[in-house]
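Here's the letter readout for the chains.
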Amino acid sequence: MTFKIDVDETRQIALLRDLKELLPFEWDGPKEWSFQVLRRSPDACRSYISPNRREFYKIVYMTKGASVLSVGLKSYYVDKPSIFFIHPNEIITFKKMDWESEGFICFFKRHLADGNASLKQIMDKYGLFTNPDQSAILLSDADVAELNQIFEKMLSIGRQNGGAVEEDMLQIYLQLLMVTSSKNISHPEPDTISDEYKHVNEFFQLLESEVAGINYTSPIQAKTAQEFADRLLIHPNHLNALLKKHTGKNVSTHIKAKLLEESKVLLAQTDWTVQQIGYAVGFADQPNFSQFFKKNAGVTPAEFRKNYVRLGA
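What you see is a predicted model; the values in this text were computed from it and never measured.

Draft legend 1. The packing of helix H5 (residues 195–212) against helix H8 (residues 251–269), seen in detail. Interaxial distance between H5 and H8 falls to 11 Å at its minimum, and their mutual angle equals 35°. For the pair H5 and H8, the sense of crossing is right-handed. Counted together, Phe203, Phe204, Leu207, Glu208 and Val211 of H5 and Val251, His254, Ile255, Lys258 and Glu262 of H8 form the full contact between these two elements. Along the lines of polarity and charge, the residues of the contact of H5 with H8 split into six nonpolar, one polar and three charged.

What follows is the structure, given as structure tokens:
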């Protein structure tokens, strides 16, 4: 397998607020799911960066096509069959290098692992999602033949009604997938990450940590480019330039997008008042928060919450 540094650092990467722009199913809206398997294809795979923490584990299985996949601070140029096990908290960057894309992508929610002792045991035993040195695996032709059969079976089961029996079967095949991937294991050496990408990654990690534990008694602390730059020990203009170069958006735009995302989650999943939610995401009074939310979401916080409940989320 060939690994090399991606030198095209001036190429912008599309920033995804969620996976709706990339995948043909709705993962954070009214349609509830625990497990999804998709076939990779040129139409379903494009370059992106996903800086948001997710509620699902992700398995990327590539059998054809060239791409650069960065998981956290490890970057891989992939042009041979490979499989990657990605933890929900990891920041992912994916760049397509040609038009071929074959293989599968598998997603499963955190609660699926937490609620199944045998699945959790296999995950802990092999450490594919938790140990960065184990998460990338090179595959032989024999591995590909076995994994293709497993993914095809999972895809077939996933297209059924999604009852308890189907979910149990998918968990069994998921365990088989991890065990099969861990046989005759071969790990690639990651490429060198540039200082620029380190700063971009560190910004998104800091942004995630800032919002991870917010509530109306402990609101977000850092909300400006200056505050984030100070914590990263770089000049705010330099941080803005790096984010603009690599994502097409500046620091303030990313911060606002994250605050809007967290606001939507709190409106949908808590019974906090609009004032409490506004305070949690850094607004001292409700009118300013409502103005910010409507300007960026197109509806007021109360309307968003009402529509979310009405849709049966």
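Draft legend 2. Molecular detail of the pairing of strand S3 (residues 56–64). In terms of residue burial, S3 counts as a mostly covered element, since seven of its nine residues are buried. Alignment of S3 against strand S8 (residues 102–109), held across eight bridges, turns out to be antiparallel. By the bridge assignment, phenylalanine 56 is partnered in S8 with lysine 109. In the sheet, S3 pairs with strand S6 (residues 82–86) via five bridges, with the strands oriented antiparallel. Directly across from valine 60, in S6, lies its bridge partner phenylalanine 84.

Draft legend 3. Quick peek at the packing of aromatic side chains. Tallying each qualifying case throughout the model produces 16 aromatic pairs. Pairing tyrosine 76 with phenylalanine 84 gives two aromatic rings, centres 5.5 Å apart and planes at 55°, and the pair type is tilted. Each member of the pair tyrosine 76 and phenylalanine 84 is classed as buried. Summarising the aromatic geometry, the rings of phenylalanine 85 and phenylalanine 129 are spaced 5.4 Å apart at their centres and angled 90° between planes, so their arrangement reads as edge-to-face. Taken together, the residues span a long stretch of sequence, with phenylalanine 85 in strand S6 and phenylalanine 129 in the loop between helix H2 (117–126) and strand S9 (136–138) at a distance of 44 residues. A network of ring pairs unites the aromatic residues Phe35, Tyr57, Phe85, Phe108 and Phe129 as a single cluster.

Draft legend 4. Main features of the confidence of the model for the protein chain. Confidence in the prediction of the protein chain, expressed as mean pLDDT, is 79, and 81% of residues score 70 or more. Per-element averaging of pLDDT across the protein chain places strand S2 (residues 48–50) at the bottom with 58 and S6 at the top with 93. Low pLDDT (under 50) marks residues 1–31, which in the prediction has 91 contacts with non-local residues, meaning those over four places away or in another chain.

Draft legend 5. Main features of the packing of helix H6 (residues 225–232) against helix H7 (residues 236–247). Contact pair H6 / H7: the axes reach a minimum separation of 8 Å and the direction vectors enclose 100°. The orientation of H6 relative to H7 falls into the category roughly perpendicular. Contacts from Ala225, Gln226, Phe228, Ala229 and Leu232 in H6 reach Pro236, Leu239 and Asn240 in H7. A per-class count over the contact of H6 with H7 returns six nonpolar, two polar and no charged.

Draft legend 6. Structural context of the nonpolar core. Phe203, Phe228, Leu239 and Phe289 are the most contacted members of the largest nonpolar core, which has 35 residues in total. When residues of this core are traced back to their parent elements, those giving at least two are H5, H6, H7, H8, helix H9 (274–280), helix H10 (286–297) and helix H11 (301–310). Sequence-distant contacts of phenylalanine 203, that is, excluding residues within four places in its chain, are made with Phe228, Leu232, Leu239, Leu243, Val251, His254 and Ile255. With 30 residues, the next largest nonpolar core counts Met123, Ile137, Leu147 and Ile150 among its residues.

Draft legend 7. Region of interest: H8. With 19 residues, H8 ought to run about 27 Å at 1.5 Å a step, and its terminal C-alpha atoms sit 27 Å apart, in line with that. Capping the start of H8, asparagine 250 holds a side-chain oxygen 3.3 Å from the backbone nitrogen of serine 252, two or three residues further along.

Draft legend 8. Just the environment of lysine 256, in detail. Within the secondary structure layout, lysine 256 lies in helix H8. Looking at lysine 256, the relative accessible area reads 45%, which means it is partly exposed.

Draft legend 9. Representation of the sheet that holds S3. The strand order S1-S8-S3-S6-S9 describes an open sheet built from five strands, whose pairing is antiparallel. The outermost strands of the open sheet, each flanked by one partner alone, are strand S1 (35–39) and S9. With direction set aside, neighbouring strand axes in the sheet form an average angle of 10°. Pairing of S6 with S9, which is carried by three bridges, proceeds in the antiparallel orientation. Looking at the pairing, serine 82 lines up with leucine 138 of S9. Strand contacts of helix H3 (residues 141–158): S1, S3, S6, S8 and S9, with the helix running at about 130° to S3, the strand carrying the most contacts. Against the sheet, helix H4 (residues 164–182) engages S1, S3, S6, S8 and S9, with an angle of about 120° to S6.

Reading guide: rules and limits
Residues numbered from 1 in each chain as written. Predicted model: local features only at pLDDT ≥ 70, side-chain atom pairs only at ≥ 80, totals over all residues. Heavy atoms only, no water. Axes fitted to C-alpha atoms, helices over the stretch in contact; angles between N-to-C directions. Helix = DSSP H or I, 4+ residues; strand = E, 2+ residues; numbered from the N terminus. Left-handed = near helix turned anticlockwise from the far one by under 90°. Contact = heavy atoms within 4.5 Å. Nonpolar A, V, L, I, M, F, W, Y, C, P; charged D, E, K, R; others polar. Buried < 20%, exposed > 50% of the residue type's maximum accessible area, 1.4 Å probe, protein only. Pairing = 2+ DSSP bridges. Phe/Tyr/Trp six-rings, centres within 6.5 Å; stacked < 30°, edge-to-face > 60°. pLDDT = per-residue confidence, 0-100. Parallel < 35°, antiparallel > 145°, perpendicular 65-115°, else oblique. Core = buried A, V, L, I, M, F, W, Y, C linked by side-chain atoms within 4.5 Å. Expected span 1.5 Å × (residues − 1). Polar contact = N/O pair within 3.5 Å; in protein donor to acceptor, adjacent residues only side chain to side chain.

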